[in-house]
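Observations on the model geometry
Below are the chains, spelled out letter by letter.
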Amino acid sequence: MRAFNWSSFALGIGTINAFTCDPTSLQEYLGSGISVTSAKYLANNATFEVPSSDIGFPTSPTNLPALCALEVKVPSTSNSSYSFGLFLPDDWNGRFLAVGNSGFAGGINWLDMGAGVKYGFATISTDTGHSSTLLDASWAENDPEAFVDWSYRALHGSVLVAKDLTQKYYGKGPAFSYYTGCSTGGRQGLKEAEIFPDDFDGIVAGAPAWWTVHLQLWNMKVGMYNLPTDAPHHIPQELFPIIGAEVLRQCDGSDGVIDNIISDPRCCNFDPETLLCPGTTAGGCLTSPQLDTLYHLYGDWVEANQTFVFPHLELGSEGNWGMLLGSDEPTTLGTDYVKYVLGLGSNWTWQDFNPSVLALSEKLNPGNATAGFDLSAFSKKGGKILHYHGLSDGAIAAGSSLYYYNHVLRTLKPRGIDLDGFYRYFMVPGLEHCTGTSSTMNAPWYFAGANQAGALGTGVSSVPGFADAEHDVLLAMMAWVERGQAPEYIIGTKWNNDTLQDEVARQRPLCMYPKQAMYIGTGDVDDPQNWACEMLYGGNGLRKNN
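Residues numbered from 1 in each chain as written. Predicted model: local features only at pLDDT ≥ 70, side-chain atom pairs only at ≥ 80, totals over all residues. Heavy atoms only, no water.

Next up on the list: unusual backbone geometry. For the bond running from Leu 227 to Pro 228, omega is 0°, close enough to zero to count as cis. Here Pro 228 lies in the loop between α5 (212-225) and α6 (240-251). The linkage connecting Tyr 513 with the following residue, Pro 514, adopts the cis geometry, with an omega of 10°. With respect to the helices, strands and loops of the structure, Pro 514 is situated in the loop between β13 (504-511) and β14 (516-519). Backbone geometry places Asn 368, a non-glycine residue, at a positive phi of 50°. (Helix = DSSP H or I, 4+ residues; strand = E, 2+ residues; numbered from the N terminus.)

Put into structure tokens, the structure is as follows:
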């Protein structure tokens, strides 16, 4: 294993001199109204047992370093509050890391904290102010302050208190502060950069659910395209792999090699009619009404007067469609949002949807959760952003990230701000929503992004066998912030058995947009040295000389 060389990142740290790891000692160092829920010291290689009340993130991290594990409750308004967890390792690297949340989940993300603390970070996660699973937003009913906590207030407030505790515990504050999150966690990171630019020096934002006022409704709209299940236009889930296989047949090779990976779906001129059933034959093909549904799924959501609402599912995302299309009801990520966040009530049904609901969402902008495009303050203070999105994401269309990136560019370039100097975007071929890849593509999806270590196991951290800034996006962020080494690419990894991390099946560079990985024409296609990041002409797959 190539261990990360911390010597070049060495920081002098203070001694543990303020409080011992017990509630009584800790309480006197907390501000008014802030209370200690628990404090426990864990010896090396211990497991942190997640409380049964944490239904949002119930998995316990294992093989932890020796640390102090805290849970602290903080009031946000006169009738609302939030809690956070904090791991303070004995062998501290002098830095601070916050990890993000998922969906509407209320709970402390102890599992991602476990991955983070193994680097040596003092690591934090907030519960966003409530307890729920990721698909449940009923907690927001008649409680707009709770939604503000979820939107941004709980993370920011938790970071402030946790940094103060870190300083008091070690006798010295963190020299650098970082953030990593995916989906809702990605949105949290971008929102932090927008409104609290001093919280973090570096933010890793994956598949961000940044456009709350449109995304939650799009999550529902996609399901509605394929409903009801007894309608002629309904595509049953067993046809998803058949559609995906045909997409792969037509679209593979746009990067110069046939390898079961679609490097950029925009380079493919896909013909859906090849899936049309011949004559009256049924099975393994699509009827004409089902093709209409397919066109909806691959088409942007546009309302009257060509008003763009949300981008389409990408070609190659079919293996991940079950998240939004695999049920007889649209996902509650959309319906709960309408019922409990927009306030239309528990009796509202998806059949009641009409464009007025979209207008209401835009008008209310609940919790000010949607991330804005003006990141000038974060750029000015020297902050860095590494933003990525899987092109096979079936929960948040990858085009939403490109839309966000381009609108940040439109906002800042006229002011003379160079995006590449502080903000870099990476498209990840074959990566589904935050973690994983389809068995058909078997794409190199792992680079220690948010949630990814936990997808391999409860005791995993960094990139097993490749713990360096070339393969690990968090270490790449550190190298950029602390040494000025801006990444042009991150190498993704796929093992033969991801759970065992036994033998590497393939690796590939994930290039900084707008460059893409192109096969050089010789050598093993699973060796990243045989790929180069190159510019392309207008999405047609032709190489452009640099």
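To continue, consider the packing of α5 against helix α10 (residues 355-364). Interaxial distance between α5 and α10 falls to 9 Å at its minimum, and their mutual angle equals 150°. Classified by the angle between their axes, α5 and α10 sit roughly antiparallel to one another. The chirality of how α5 crosses α10 is right-handed. Along the contact surface, α5 presents Val 213, His 214 and Leu 217, while α10 presents Val 357, Leu 358, Ser 361 and Glu 362. Class assignment for the residues of the contact of α5 with α10 results in four nonpolar, two polar and one charged. (Axes fitted to C-alpha atoms, helices over the stretch in contact; angles between N-to-C directions. Parallel < 35°, antiparallel > 145°, perpendicular 65-115°, else oblique. Left-handed = near helix turned anticlockwise from the far one by under 90°. Contact = heavy atoms within 4.5 Å. Nonpolar A, V, L, I, M, F, W, Y, C, P; charged D, E, K, R; others polar.)

As a further point, take the environment of Arg 483. Looking at the secondary structure, you find Arg 483 in helix α14 (residues 473-483). Expressed as a C-alpha distance, the spacing of Arg 483 and Tyr 519, which sit 36 residues apart in the sequence, is 30 Å.

Looking at the assigned domains, one finds that the chain contains domain 1 (31-170), domain 2 (175-210 + 371-545) and domain 3 (215-367). On the side of domain 3, 10 residues touch domain 1, which itself brings 14 residues to the contact. Around 890 Å² of area is buried between domain 1 and domain 3 when both sides are counted, 67% of it from carbon and sulfur atoms. Counting every contact that joins domain 1 to domain 3 gives zero salt bridges. Where domain 1 meets domain 3, there are three residue pairs in polar contact (both at pLDDT 80 or more). Tallied by class, the residues present in the side of domain 1 that touches domain 3 amount to eight nonpolar, four polar and two charged. (Domains from an automatic or database assignment. Buried area = accessible area lost by both parts, 1.4 Å probe. Salt bridge = Lys/Arg side-chain N within 4 Å of Asp/Glu carboxyl O. Polar contact = N/O pair within 3.5 Å; in protein donor to acceptor, adjacent residues only side chain to side chain.)

This part covers the layout of surface pockets. Counted as a void, the largest pocket has a volume near 650 Å³. Surrounding the largest pocket, 32 residues form its lining, Ser 102, Gly 103, Leu 134, His 433 and Asn 451 being those nearest its centre. Elements with a contribution of two residues or more to the lining of the largest pocket: α2 (110-117), α5, α8 (322-325) and α13 (452-456). Considering every element that reaches the lining of the largest pocket, the biggest residue donor is α5, with three residues. Tallied by class, residues from the lining of the largest pocket come to 17 nonpolar, 14 polar and one charged. (1 Å grid on protein atoms, 1.4 Å probe; cavity = no way out; pocket = protein on both sides within 12 Å on 5 of 7 lines; lining within 4 Å. Points joined across faces, edges and corners; volume = space filled by probe spheres on them.)

Ordered in space as β1-β2-β3-β5-β4-β6-β7-β10-β11, the nine strands form an open sheet in which the pairing is mixed. With partners counted over all chains shown, the strands left at the sheet margins are β1 (35-42) and β11 (423-428), one partner each. Each strand axis lies, on average, 15° off the axis of its neighbour in the sheet, ignoring direction. Where strand β3 (residues 80-89) meets strand β5 (residues 122-126), four bridges bridge the pair, whose relative direction is antiparallel. Across the sheet, residue Phe 84 finds its bridge partner in β5, namely Thr 126. The sheet contacts of helix α4 (residues 184-195) involve β6 (176-182), β7 (202-206) and β10 (384-390), and relative to β6 the element is tilted by about 140°. (Pairing = 2+ DSSP bridges.)

On to the state of the cysteines. Taken as a whole and judged by the stated rule, the model has five disulfides. Across the disulfide, Cys 21 is cross-linked to Cys 68 (sulfur-sulfur distance 2.1 Å). Residues Cys 21 and Cys 68 are joined through a disulfide that is right-handed, its torsion about the S-S bond being 85°. Pair noted here: Cys 21 is in the segment before α1 (23-27) and Cys 68 is in strand β2 (residues 67-77), with a separation of 47 residues, a long-range link. (Disulfide = S-S within 2.5 Å.)

Our next topic: the pairing of strand β9 (residues 307-310). The side chains of a regular strand alternate, first on one face of the sheet and then on the other. Taken together, the three bridges between strand β8 (residues 301-303) and β9 define a ladder with antiparallel strand orientation. In the sheet register, Val 302 faces β9, and the bridge partner there is Phe 308. Between the antiparallel neighbours β8 and β9 lie three residues, among them Asn 305 with a positive phi of about 60°.

Most of β3 is tucked away, with nine of its 10 residues classed as buried. In terms of strand pairing, β2 meets β3 through 10 bridges, oriented antiparallel. If you follow Cys 68 over to β3, its bridge partner there is Leu 88. Between β2 and β3, which pair antiparallel and follow one another directly, the connecting turn spans two residues. (Buried < 20%, exposed > 50% of the residue type's maximum accessible area, 1.4 Å probe, protein only.)

Quick look at the packing of aromatic side chains now. Evaluated as defined, the whole model comprises 35 aromatic pairs. For the pair Trp 92 and Tyr 170, a centre-to-centre distance of 4.0 Å together with 5° between the ring planes defines the contact as stacked. One end of the pair, Trp 92, is in the loop between β3 and β4 (95-99); the other, Tyr 170, is in helix α3 (residues 144-170), with 78 residues separating them in the sequence. With respect to burial, Trp 92 and Tyr 170 carry one shared label: buried. In textbook terms, an aromatic cluster arises when at least three aromatic residues are bridged by ring pairs, as seen for Trp 210, Trp 211, Trp 218, Phe 308, Phe 310, Phe 373, Tyr 403 and Tyr 404. Above the face of the Phe 200 ring, Lys 163 is positioned so that its terminal group lies 5.9 Å from the ring centre. (Phe/Tyr/Trp six-rings, centres within 6.5 Å; stacked < 30°, edge-to-face > 60°. Lys NZ or Arg CZ within 6 Å of the ring centre and 35° of its normal.)

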